Amino acid sequence: MTPSRLPPGRPGTDAHPEEETVRPQFLPPDVTARAVTGRDGGTHTIYTAPIRSEAPVRITGRDGRADALACMYDHFVFHWRRHSRHVTVSHGTLAGPRMALWDDIAIEHEWSPENLATFARTWTREHTGRFRRP
């Protein structure tokens with residue numbers, strides 16, 4: 001293969017130094033672009049967005065009493081039944097479709113909306129932190 005027929009390099013590498021960026025008018029209002037310099041000395045554009053969340057809601061039974069709590073943090077939906085020591089975790093939103101992930105995550109707090117919200121934030125940050133580069 002001759003050099004003129006080599007495939008282009010990956011964006012951000014020496015073979016393809018002109019990294020493509022998204023034009024600002026196409027970014028949602030809460031997304032920001034930022035230039036960072038990598039270990040290799042190259043400049044790269046990264047995009048950041050706020051983590052989406054939905055406040056805890058009470059799920060009531062036929063008798064009108066709250067039977068469960070649910071909240072969403074970073075698209076992880078947490079569902080906690082009254083008197084349970086476990087939460088179920090799914091992916092989605094409170095009002096939209098969900099994909100079940102885990103149904104046995106231990107929670108050692110008193111049953112309350114505040115405790116569920118705190119647990120959801122902590123659990124999500126620990127879980128997603130496992131996938132970050134060192």
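Residues numbered from 1 in each chain as written. Predicted model: local features only at pLDDT ≥ 70, side-chain atom pairs only at ≥ 80, totals over all residues. Heavy atoms only, no water.

### Observations regarding the confidence of the model for the protein chain
For the protein chain, mean pLDDT is 84; residues scoring 70 or higher make up 83% of the total. Within the model, pLDDT remains below 50 along residues 1–17, and this stretch shows 10 contacts once partners closer than five positions in the same chain are excluded. (pLDDT = per-residue confidence, 0-100. Contact = heavy atoms within 4.5 Å.)

### Quick notes on the sheet that holds strand 7 (residues 98–106)
Strand order in the open sheet formed by five strands is 3-4-5-6-7, and the pairing between neighbours is antiparallel. Here the strands that pair on one side only, and so sit at the sheet edges, are strand 3 (53–60) and strand 7. Looking at each pair of strands side by side, their axes are set apart by 20 degrees on average, direction ignored. One ladder, built from six bridges, connects strand 6 (residues 86–92) with strand 7; its direction is antiparallel. Paired with Val89 across the two strands is Trp102, which belongs to strand 7. Lying over the sheet, helix 1 (residues 113–129) contacts strand 3, strand 4 (66–73), strand 5 (76–81), strand 6 and strand 7, oriented at roughly 140 degrees with respect to strand 5. (Pairing = 2+ DSSP bridges. Helix = DSSP H or I, 4+ residues; strand = E, 2+ residues; numbered from the N terminus. Axes fitted to C-alpha atoms, helices over the stretch in contact; angles between N-to-C directions.)

### Considerations on the environment of Tyr73
On the secondary structure map, Tyr73 appears in strand 4. Looking at Tyr73, the relative accessible area reads 9%, which means it is buried. Measuring from C-alpha to C-alpha, the distance between Tyr73 and Arg52 comes to 6.1 Å, with 21 residues separating the pair along the chain. Discounting chain neighbours no more than four positions away, the residues touching Tyr73 are Ile51, Arg52, Ser53, Ala120, Arg121, Thr124 and Arg125. (Buried < 20%, exposed > 50% of the residue type's maximum accessible area, 1.4 Å probe, protein only.)

### Description of a nonpolar patch on the surface
Where nonpolar side chains cluster on the molecular surface, the patch consists of Met99, Leu101 and Trp102 and spans about 270 Å² of accessible area. In this fold, Leu101 is placed in strand 7. (Patch = residues over 30% accessible without salt bridge, like charges linked within 9 Å, V, L, I, M, F, W, Y side chains within 5 Å. Areas by Shrake-Rupley, 256 points an atom, 1.4 Å probe, with all protein chains shown as cover. Salt bridge = Lys/Arg side-chain N within 4 Å of Asp/Glu carboxyl O.)

### Regarding unusual backbone geometry
Its identity as a non-glycine residue notwithstanding, His75 has a phi of 65 degrees, on the positive side. Within the secondary structure, His75 is located in the loop between strand 4 and strand 5. The backbone of His83 sits at a positive phi, close to 70 degrees, despite the residue not being glycine. As for its position among the elements, His83 is in the loop between strand 5 and strand 6.

### Re the nonpolar core
Note that soluble globular proteins tend to have their nonpolar side chains buried in a common cluster. In this structure, Phe78, Trp80, Val87, Val89, Leu116, Phe119 and Trp123 are the most contacted members of the largest nonpolar core, which totals 16 residues. Sequence-distant contacts of Phe78, defined by excluding residues within four places in its chain, comprise Leu69, Ala70, Cys71, Val87, Thr88, Val89, Leu116, Phe119, Ala120, Trp123 and Thr124. (Core = buried A, V, L, I, M, F, W, Y, C linked by side-chain atoms within 4.5 Å.)

### A look at the packing of aromatic side chains
Within the structure shown, the criterion is met by four aromatic pairs. When the ring of Phe76 is compared with that of Trp123, the centres are 5.5 Å apart and the planes differ by 80 degrees; the resulting orientation is edge-to-face. In this pair, Phe76 sits in strand 5 while Trp123 sits in helix 1, placing the two residues 47 residues apart along the sequence. Summarising the burial analysis for this pair, Phe76 and Trp123 share the class buried. With a centroid separation of 6.2 Å and 90 degrees between ring planes, the pair formed by Phe78 and Phe119 is classed as edge-to-face. Of the two residues, Phe78 sits in strand 5 while Phe119 sits in helix 1, which places them 41 residues apart along the sequence. Note on Phe119: relative accessible area 11%, which makes it buried. Here the aromatic residues Phe76, Phe78, Trp102, Phe119 and Trp123 are joined through ring pairs into a cluster of three or more. (Phe/Tyr/Trp six-rings, centres within 6.5 Å; stacked < 30°, edge-to-face > 60°.)

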